[in-house]
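# A look at the structure
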Amino acid sequence: MRVTVKRKAHFNAAHRLYRKDWDDAKNEEVFGLCNNPYFHGHNYNFWVEVTGEVDTDTGYVVDMKVLKHLIEKEVCKYLDHKNLNEQVEEFKTLIPTAEHIAYVIYNRLRRHLKNKLDLKITLFETERNCVSYSGE
Ligand code: NI
């Protein structure tokens, strides 16, 4: 029996979307408000979904206590109240779009989960906008 378990988590962070190799007009055109040169914050919410076979001994797909701790350590503490462009290693080479943030969250959790478990991250940058990434 395969079941999906989900946990919701949260962090606040600042970012700026821009490319150094584009001029101001092009950055403004593509990234709009998120190109503000003084940075700006978002209240990010995300869902972590883990899918796998239910363990016959424990009745769990994954121990939620372990998953909760992993999310707090690997994602929330790592990103909360950070300037993503300036302070987070991964965004020295990636523009901190919601797509790339979901990708970074996925990779930071994936390496701690058993291979047989599937992982999906859904990141909300606003109440209305979200992205999902599941490792493809
Ligand atoms: Ni933004």
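Before reading on, note that the structure itself is shown above.
The structure reproduced in this document is the subject of the present report. All values derive from a computational prediction rather than experimental measurement. (Residues numbered from 1 in each chain as written. Predicted model: local features only at pLDDT ≥ 70, side-chain atom pairs only at ≥ 80, totals over all residues. Heavy atoms only, no water.)

## A few points about the pairing of strand β4 (residues 118–124)
To keep it simple, the criterion reads: For two strands to be treated as a pair, DSSP must find at least two bridges joining them. Comment: elements are numbered from the N terminus, with helices defined as DSSP H or I runs of at least four residues and strands as E runs of at least two.
The sheet contact formed by strand β2 (residues 40–53) and β4 spans seven bridges and is antiparallel. Within β4, the position partnered with T51 by the bridge is D118. As paired strands, β4 and strand β5 (residues 130–133) are joined by four bridges and run antiparallel to one another. If you follow I121 over to β5, its bridge partner there is Y133.

## Structural notes on the packing of aromatic side chains
So the rule is basically this: The pairing test for Phe, Tyr and Trp rings, Trp by its six-membered ring, is centres within 6.5 Å, and the orientation test on the planes gives stacked under 30 degrees, edge-to-face over 60, and tilted for anything in between. Exposure categories follow from relative accessible area, calculated using a 1.4 Å probe and restricted to protein chains: below 20% of the type maximum is buried, above 50% is exposed, and the middle band is partly exposed.
In this structure the tally under the stated criterion is five aromatic pairs. Consider the rings of Y106 and Y133, whose centres lie 5.0 Å apart with planes at 75°: the pair is edge-to-face. Separated by 27 residues along the polypeptide, Y106 in helix α4 (residues 98–110) and Y133 in strand β5 bring together distant segments of the chain. Of the two residues, Y106 and Y133, both sit in the buried class.

## Regarding the pattern of salt bridges
Applied cut-off: What counts as a salt bridge is simple: a side-chain nitrogen of Lys or Arg found within 4 Å of a carboxyl oxygen of Asp or Glu.
Inspection of every chain in the model, using the stated rule, returns eight salt bridges. R19 is paired through a salt bridge with D21; the nearest N and O atoms lie 3.0 Å apart. Look at R19 and you get partly exposed, because its relative accessible area is 32%. Judged by relative accessible area, which is 56%, D21 ranks as exposed. Across the salt bridge formed by E90 and R108, the nearest N and O atoms sit 3.4 Å from each other. Of this pair, E90 sits in the loop between α3 (84–87) and α4 while R108 sits in helix α4, and the two are 18 residues apart along the sequence. Connected through shared salt-bridge partners, K73, E74, E90, R108 and R111 make up one network.

## Digging into the coordination of the nickel ion
The textbook angles at a metal center are 109.5 degrees for a tetrahedron of four donors and 90 or 180 degrees for an octahedron of six. Defined as follows: Keep in mind that water is not among the atoms, so a site may look incomplete; donors are the N, O and S atoms within 2.8 Å of the metal, or 3.2 Å for Na, K and Ca. Think of it this way: with four donors and all angles in the 85 to 135 degree range, the site is tetrahedral; with four or six donors, opposite ones beyond 155 degrees and the rest between 65 and 115, it is square planar or octahedral; otherwise it is irregular.
Around the nickel ion, the donor atoms from the protein are H15 (NE2), C34 (SG), H40 (NE2) and H42 (NE2), and they sit 2.1 Å away. One way to put it: the four donor atoms around the nickel ion meet at angles of 93 to 134°, and that makes the site tetrahedral. Here the donor residues for the nickel ion map to a single chain with the spacing H-x18-C-x5-H-x1-H. By relative accessible area, which is 13% here, H42 ends up buried.

Take it as geometry only, folks, not as evidence of what the structure does.
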